[in-house]
Amino acid sequence: HPSVFISPLSNVKDPQLKNLSYLGCVVCLVAIVYLVRKWLQHYGNLNSSSALVLYIRWGFPLIALTISCYWALSAGTEDSLARLRDLTQLALVAFPRAVYSLAVLGFVFLLWNPVTVFMKRTQDSDADNTVTTYGGAPGSQAELLHVIPQIYRKMQ
């Protein structure tokens with residue numbers, strides 16, 4: 001016999017266990033969405049209005065909501081949804097297709113413009129495009145102490 005954790009929610013007979021399992025799954029989905037957003041926000045990757053950032057803000061939670069709705073519909077018994085059978089069957093087909101479509105859209109956005117470091121343009125950044133050279137002995141410690149801070153400021 002398969003474990004309760006592996007079997008689909010529609011096979012679980014105890015309503016309390018079914019509700020508890022569903023609630024646990026939804027809490028895990030919400031935690032994943034929250035942690036991904038907080039992680040990206042912490043590292044400054046949600047500061048843009050690009051398509052991928054908008055997808056992370058709206059598409060990713062929409063995927064979690066769609067998955068939760070699909071789980072809720074698939075966990076329901078046939079008797080309780082007999083009046084809405086056609087709508088339920090349509091939703092059971094449409095929800096997975098929506099999740100796959102949104103996931104593919106997010107993957108395309110990720111390939112097109114990955115969430116990396118966003119550059120902030122300033123007027124003086126166009127004038128200072130090069131690192132000034134050091135006039136002393138090449139390869140010395142003093143040269144590294146001169147060039148590395150300039151590279152760091154340029155990358156900042």
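These numbers come from a predicted model, not from an experiment.

Draft legend 1. Up close: the environment of valine 30. Looking at where valine 30 falls in the secondary structure, it is placed in helix 1 (residues 15-42). Residue valine 30 is classed as exposed on the basis of its relative accessible area of 52%. Spatially, the C-alpha atom of valine 30 lies 8.9 Å from that of leucine 65, the residues being 35 residues apart in sequence.

Draft legend 2. Spotlight on helix 2 (residues 51-75). A rise of 1.5 Å per residue sets the reference length of helix 2, with its 25 residues, at 36 Å; its end C-alpha atoms lie 34 Å apart and thus fit the reference within 8%. Maximum bend of helix 2: about 35 degrees, positioned at arginine 57, with proline proline 61 one to four residues after it.

Draft legend 3. Representation of the packing of aromatic side chains in the model. Inspection of every chain in the model, using the stated rule, returns two aromatic pairs. Considering the side-chain rings of tyrosine 55 and phenylalanine 109, the 6.3 Å spacing of their centres and the 70 degrees angle between planes classify their relative orientation as edge-to-face. Taken together, the positions of tyrosine 55 in helix 2 and phenylalanine 109 in helix 3 (residues 85-112) put the pair 54 residues apart, joining distant regions of the chain. When its relative accessible area of 10% is taken as the criterion, tyrosine 55 is described as buried. Pairing phenylalanine 109 with tryptophan 112 gives two aromatic rings, centres 6.5 Å apart and planes at 40 degrees, and the pair type is tilted. With phenylalanine 109 and tryptophan 112 both in helix 3 and three residues apart, this pair spans about one turn of that helix. We classify phenylalanine 109 as buried; its relative accessible area is 18%. Among the residues examined, tryptophan 112 registers a relative accessible area of 62% and is labelled exposed. One aromatic cluster is present, built from ring pairs that chain together Tyr55, Phe109 and Trp112.

Draft legend 4. Structural context of the packing of helix 1 against helix 2. Contact geometry of helix 1 with helix 2 gives a least axis separation of 11 Å together with a crossing angle of 175 degrees. Classified by the angle their axes make, helix 1 and helix 2 are roughly antiparallel. Contacts between helix 1 and helix 2 involve Lys18, Tyr22, Cys25, Val26, Leu29, Ile32, Val33, Val36, Arg37 and Leu40 on the former and, on the latter, Ile56, Arg57, Phe60, Pro61, Ala64, Ile67, Ser68, Trp71, Ala72 and Ala75. Its residues assigned to classes, the contact of helix 1 with helix 2 shows 16 nonpolar, one polar and three charged.

Draft legend 5. Local environment of the UniProt feature "transmembrane region" (unreviewed entry) in the protein. Following the UniProt record, the feature "transmembrane region" (unreviewed entry) maps to residues 20-40, 52-73 and 93-112 here. Across residues 20-40, helical content stands at 100% and strand content at 0%; the span's end C-alpha atoms are separated by 30 Å. End-to-end, the C-alpha atoms of residues 93-112 are 29 Å apart, and along that stretch the chain is 100% helix and 0% strand.

Draft legend 6. Seen up close, helix 1. For helix 1, with 28 residues, the first-to-last C-alpha span of 40 Å sits near the 40 Å given by 1.5 Å per residue. Residues Lys18, Ser21, Val26, Leu29, Val33 and Leu40 constitute the buried set of helix 1. Where helix 1 is buried, its residues touch helix 2.

Draft legend 7. Up close: the packing of helix 2 against helix 3. Running from amino to carboxyl end, helix 2 crosses helix 3 at an angle of 155 degrees, the nearest separation of the two axes being 9 Å. When the axis of helix 2 is compared with that of helix 3, the two are roughly antiparallel. For the crossing formed where helix 2 meets helix 3, the hand is left-handed.

Draft legend 8. Fine view of the nonpolar core. Judged by nonpolar contacts, Leu40, Leu46, Leu52, Val53, Tyr55, Ile56, Ile63, Val99, Leu102 and Phe109 together constitute the single largest core of 10 residues. Among the elements of the structure, helix 2 and helix 3 are those that each provide at least two residues to this core. It is helix 2 that contributes the most residues to this core, five residues altogether. When neighbours within four sequence positions are excluded, isoleucine 63 is seen to be in contact with Tyr55, Val99, Leu102 and Ala103.

Rules used in this analysis
- Residues numbered from 1 in each chain as written.
- Predicted model: local features only at pLDDT ≥ 70, side-chain atom pairs only at ≥ 80, totals over all residues.
- Heavy atoms only, no water.
- Helix = DSSP H or I, 4+ residues; strand = E, 2+ residues; numbered from the N terminus.
- Buried < 20%, exposed > 50% of the residue type's maximum accessible area, 1.4 Å probe, protein only.
- Expected span 1.5 Å × (residues − 1).
- Bend = angle between axes of the 7 residues up to and from the residue.
- Phe/Tyr/Trp six-rings, centres within 6.5 Å; stacked < 30°, edge-to-face > 60°.
- Axes fitted to C-alpha atoms, helices over the stretch in contact; angles between N-to-C directions.
- Parallel < 35°, antiparallel > 145°, perpendicular 65-115°, else oblique.
- Contact = heavy atoms within 4.5 Å.
- Nonpolar A, V, L, I, M, F, W, Y, C, P; charged D, E, K, R; others polar.
- UniProt positions renumbered as here; feature names shortened; annotations may be inferred.
- Left-handed = near helix turned anticlockwise from the far one by under 90°.
- Core = buried A, V, L, I, M, F, W, Y, C linked by side-chain atoms within 4.5 Å.

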